[in-house]
Amino acid sequence: MQSWPATAVPALPRAAAPAPLRVHDSSSGELRDVVPAGPTARLYVCGITPYDATHLGHAATYLAFDTLTRQWLDRGLEVEYVQNVTDIDDPLLERALRDGEDWVAVAERETALFRQDMTALRVLPPQHYVGAVEAMDEIAELVVRLLEAGAAYRVEDDVYFSVAAAPHFGTVSGYDAATMLALSAERGGDPQRAGKKDPLDPLLWLAARPGEPSWPSPLGRGRPGWHVECAAMALNRLGEAFDVQGGGSDLVFPHHEMSAAHAEAGTGSWPFARAYVHAGMVGLDGEKMSKSRGNLVFVSRLREAGVEPGALRLALLSGHYRADREWFPRTLGEGEQRLAAWRSAVARPSGPSGQSLLAELRAALSADLDTPAALAAVDRWAATDGDDASAAGLVRDAVDALLGVAL
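Residues numbered from 1 in each chain as written. Predicted model: local features only at pLDDT ≥ 70, side-chain atom pairs only at ≥ 80, totals over all residues. Heavy atoms only, no water.

**Structural notes on the side chain of Arg-223**
- Here Arg-223 lies in strand E9 (residues 222-224).
- On the basis of relative accessible area, Arg-223 is assigned to the buried category, the value being 4%.
- A distance of 2.9 Å separates polar atoms of two side chains, one belonging to Arg-223 and the other to Asp-90.
- A polar contact is formed between the side chain of Arg-223 and the side chain of Glu-212, at a distance of 2.8 Å.
- If we skip the residues at most four places from it in the chain, Arg-223 touches Ile-88, Asp-89, Asp-90, Leu-93, Trp-205, Leu-206, Glu-212, Pro-213 and Trp-215. (Helix = DSSP H or I, 4+ residues; strand = E, 2+ residues; numbered from the N terminus. Buried < 20%, exposed > 50% of the residue type's maximum accessible area, 1.4 Å probe, protein only. Polar contact = N/O pair within 3.5 Å; in protein donor to acceptor, adjacent residues only side chain to side chain. Contact = heavy atoms within 4.5 Å.)

**Some details on the environment of Asp-87**
- Note on placement: Asp-87 falls in the loop between strand E4 (78-85) and helix H2 (90-99).
- As for Asp-87 and Val-106, which are separated by 19 residues in sequence, their C-alpha atoms are 9.3 Å apart.
- Within the local environment of Asp-87, its side chain forms a polar contact with the backbone nitrogen of Val-133, the two atoms lying 3.0 Å apart.

**Structural notes on the environment of Pro-309**
- Looking at where Pro-309 falls in the secondary structure, it is placed in helix H9 (residues 309-317).
- In this structure the C-alpha to C-alpha distance between Pro-309 and Ala-391, which are 82 residues apart in sequence, comes to 25 Å.
- The contact partners of Pro-309, leaving out residues within four places of it in the chain, are Ala-120, Leu-121 and Arg-303.

**So, the sheet that holds strand E7 (residues 158-161)**
- Within the open sheet, the 4 strands sit side by side as E6-E7-E8-E9. Their pairing is antiparallel. A single partner strand is all that each edge strand has here, and the edge strands are strand E6 (152-155) and E9. Ignoring which end each strand starts from, the neighbouring axes of this sheet average 20° apart. (Pairing = 2+ DSSP bridges. Axes fitted to C-alpha atoms, helices over the stretch in contact; angles between N-to-C directions.)

**Describing the pairing of strand E8 (residues 203-207)**
- The buried fraction of E8 amounts to 4 of the 5 residues, a majority that puts the element mostly inside the structure.
- Looking at chain direction, E8 and E9 are connected through 3 bridges and run antiparallel. Directly across from Leu-206, in E9, lies its bridge partner Arg-223.

**Side note on the packing of helix H1 (residues 56-74) against H9**
- Their axes nearest at 10 Å, the elements H1 and H9 cross at an angle of 85°. Between H1 and H9, the angle is such that the two are roughly perpendicular. Counted together, Leu-56, Ala-59, Ala-60, Leu-63, Asp-66, Thr-67 and Arg-70 of H1 and Leu-312, Arg-313, Leu-316 and Leu-317 of H9 form the full contact between these two elements.
- Taken together, the residues of the contact of H1 with H9 break down into 7 nonpolar, 1 polar and 3 charged. (Parallel < 35°, antiparallel > 145°, perpendicular 65-115°, else oblique. Nonpolar A, V, L, I, M, F, W, Y, C, P; charged D, E, K, R; others polar.)

**Some details on the nonpolar core**
- In terms of nonpolar packing, the biggest core is built from 73 residues, with Leu-68, Trp-72, Val-244, Leu-312 and Trp-327 touching the most fellow members.
- Not counting residues within four places of it along the chain, the set of residues in contact with Leu-68 comprises Leu-21, Val-23, Val-34, Leu-43, Val-244 and Leu-369. (Core = buried A, V, L, I, M, F, W, Y, C linked by side-chain atoms within 4.5 Å.)

**Concerning unusual backbone geometry**
- A cis amide bond links Ala-53 to the next residue, Thr-54, at an omega of -15°.
- Among the structural elements, Thr-54 can be located in the loop between strand E3 (40-45) and H1.
- Residue Pro-271 is bonded to the preceding Trp-270 through a cis peptide linkage, with omega at 5°.
- Relative to the helices and strands, Pro-271 resides in the loop between helix H7 (252-267) and strand E11 (273-279).
- Of note, Asp-368 is a non-glycine position whose phi angle comes to about 60°, a positive value.
- Relative to the assigned elements, Asp-368 resides in the loop between helix H11 (354-366) and helix H12 (371-382).

Next comes the structure, spelled out in C-alpha cells:
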C-alpha cells in the first residue's frame, strides 16, 4: 500500500550529551528509556480502519508518534516505522452496507483521505504502510503456526486463540478479568460465543460467511481477526522485541494485549515490544468523540474551511499526548494565534538565544514528549527581545525538526 510523501527534516546542531528519551510505558506504568540497542529505532503504530478518516482523535494519535519519531531522528538514529491499515473488518463492512457502497471503494477513499490529511499535517510517513488485504497470506501463516503450536483451536470452522497459551497474557494492560471481559464485549470481542475455551479467547480466522468477502488460505476461505493482523505485520517487518508499540489508549485492551499474546505464543519470545505507548482520547465539548455520538471533527473538513494545518497541529500539540483532553473552538483559535506569533517573532532581525531555546525544546520533549512545555518555551522566546542575529534561522529549523511546524 502506498504511504504518503515525507517532508524534509532540518538537521540541527548535535547535542553534546542528549538527555535519555523517556516515555510512559503502559505495561509497567512507569517512564521508560526508549533507547534502541543499535542505530535503528523500530516502531509499530496501529493504523486506521478506513471508514471515518481522519478525525481529531486519529490526528492527535499520529502526531504523538510523529513527535517520538522526530526525537529519535534528532539523536541521529534511523527509524524503521510500520503502520497498518485494517482495510477489512466488520465496522468497514457495516459502513459500506449502510451507505449502499462497495466496501473496497469506501476503504480506498477513506485511506486516500487519511494520506492527504497526514501530508497536510506534515506527519512523517512510515516506511511500511501495509493493508490487511495485501498481507492476507502472512497473517494466515501466523494463524497456522499458532494452530500447530497448540495455541489455537477451532470453533466450528472459525479459529480462536487460547489466552491460556500465553504465559504473559495480561501484562500489557494489567487489567483484571472483569475489566477484560467488559472491554472485550465493548470492543469487538465475542465473550459469549459457545464453544470457546475461555470467554476472552479472541478470533484469529473467521471462516467465509455468505455475502461477505473472504480469501483462500490453508485454513480455508475466510478473513483474519483484528489482533493477529498487527502481530503478523510487526513480526515480519520489525522482528521480535522491537522498541515501541503505539496507538490510542483504547487499544491497550484487547488489541495490544492480544497482538502481543499472538506474537509471543507464535515465536516463544517475550516481550513483543519493549514499551507500549498510548495516546489519550480527544473529547468534544465534554463528550468523547465517537462515531456513535455523531460528534467527530474531521481534519479534511477543517482544511476545507481554510484552517491552516500548522495551526491545527499546534492546537493538538498543546495537550499532552497521554492526557484525555477536550476540543473546543477556542483550542483551534489558540493554535492560530500561536502560529501567527511565532512567525512574527522569527521575522525579527534578532532575538533571544536560539541555542538556549533548542536546549529547552530537547529537554521538554525528552521528558515523555512534553509538547505543552515545548510550546511554552517557544512562546517565551517569541515574547522576548534579544540580540542574537542567528536565532531566527535556528528557531525555524528547531520548530520544524522537533515539532513539525513550518514557520
